[in-house]
Structures are given as structure tokens and as C-alpha cells.
Amino acid sequence: RQISQELIQEIIDTIEDMTGMPTNPQSFSMLTHRATRRAFLAAVLPERRVPDAEFDMGFKGLSFDGFSFETDHDAPLDMIFFLHTPSIYIQDLANWHWMDEDGAILSRVKGVDAFDATLRFFAQLGLDRRNVHGTVRDISVTVPKKYPS
């Protein structure tokens, strides 16, 4: 399905209906792939209004009704995640520590005048409210061709 302002507003309204709380743009982020963000930009660009005469040929960021569009290269191409950031937390499973299974933190790098070390941290992302997040799936996105190597 095509991405549109109505589709994004529908998921925001659904989150409000299911949680019983208003969606605050400062508490939510939309996370998606850059290609999906470009598809949304192409869909809303014909309706863009320029309130002043300053033209910058680019943009500082894309938002919808105050909700910021964040991008991640590893995000699925055809999805937008609506994340309620105050309900996401990091659950530490083990503190930061240097790996020293063999009794030495530093190890020599073969053939180079250097040392190597590994710092570990075990954690998971947790949610204290699962019902305040949303997802839009099956968005039609044109995949850009890869640049020749």
C-alpha cells in the first residue's frame, strides 16, 4: 500500500484508542528505512507549503505533526515503527568489563606493533508498556539500485 498522511494518522489514532492516552510528539519517534522516508517525502512534497521566501534546497529533518522521522539503515524497507521512547529502557545483564578468559586483557596483534582488547556489555532493551508502540507494514517502497562496486 502507498504511504500517505492518512496512513500515518491512522496508526497514531489507533495507538491513542488502544492506550487511552494522547500521543505526545515529544514522547514518540517514527523509525524507518531511508527509502521509506523518501517515499513519504515524495508523497507529501506536492502538498508542501513554503511559509517564507527562504529556500534551502534541503531539509533539517522530516516530521509529521511534530513526530520526528528517524532513519536506520537496518530497518525493514516496508515498515514504520512508532516508538514511545519513555517506555523503552536498557536492562543490564552484566556490567561493562574487559574480556579476559585467558587471564590477559591485552593481546598482541600478529604482524603489527599493536595490542587488541575487547570490552563487553550484556544488555537487552525492555518495555514497561507494550501497547503504546505501533507498526505500519506493507508499505510500497522503490528500492534504489546499488551503486556499482
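Residues numbered from 1 in each chain as written. Predicted model: local features only at pLDDT ≥ 70, side-chain atom pairs only at ≥ 80, totals over all residues. Heavy atoms only, no water.

Considering the nonpolar core
One finds Ile8, Met30, Phe40, Ile80 and Phe82 to be the most contacted residues of the largest nonpolar core, which totals 21 residues. Taken together, the elements giving at least two residues each to this core come down to helix 1 (5-19), strand 1 (28-32), helix 2 (34-44), strand 3 (67-71) and strand 4 (80-84). When residues in this core are grouped by element, the largest group, five residues, is from helix 1. What Ile8 contacts, discounting residues up to four positions off in sequence, is Ile3, Met30, Phe40, Phe64, Phe69, Ile80 and Phe82. (Core = buried A, V, L, I, M, F, W, Y, C linked by side-chain atoms within 4.5 Å. Buried < 20%, exposed > 50% of the residue type's maximum accessible area, 1.4 Å probe, protein only. Helix = DSSP H or I, 4+ residues; strand = E, 2+ residues; numbered from the N terminus. Contact = heavy atoms within 4.5 Å.)

Digging into unusual backbone geometry
Positioned with a positive phi, Asp65 is a non-glycine residue whose angle comes to about 55 degrees. Here Asp65 is to be found in the loop between strand 2 (63-64) and strand 3. At Asp138, a position not held by glycine, the phi torsion is positive, near 60 degrees. Mapped onto the secondary structure, Asp138 falls in the segment after strand 9 (134-136). In this structure Asp138 comes out as exposed when scored by relative accessible area, which is 51%.

As for a nonpolar patch on the surface
A cluster of nonpolar side chains, namely Trp96, Trp98, Ile105, Leu106, Phe115 and Leu119, defines an oily patch on the protein surface of about 680 Å² accessible area. By the secondary structure assignment, Phe115 is in strand 7 (residues 115-116). Judged by its relative accessible area of 53%, Phe115 falls in the exposed class. (Patch = residues over 30% accessible without salt bridge, like charges linked within 9 Å, V, L, I, M, F, W, Y side chains within 5 Å. Areas by Shrake-Rupley, 256 points an atom, 1.4 Å probe, with all protein chains shown as cover. Salt bridge = Lys/Arg side-chain N within 4 Å of Asp/Glu carboxyl O.)

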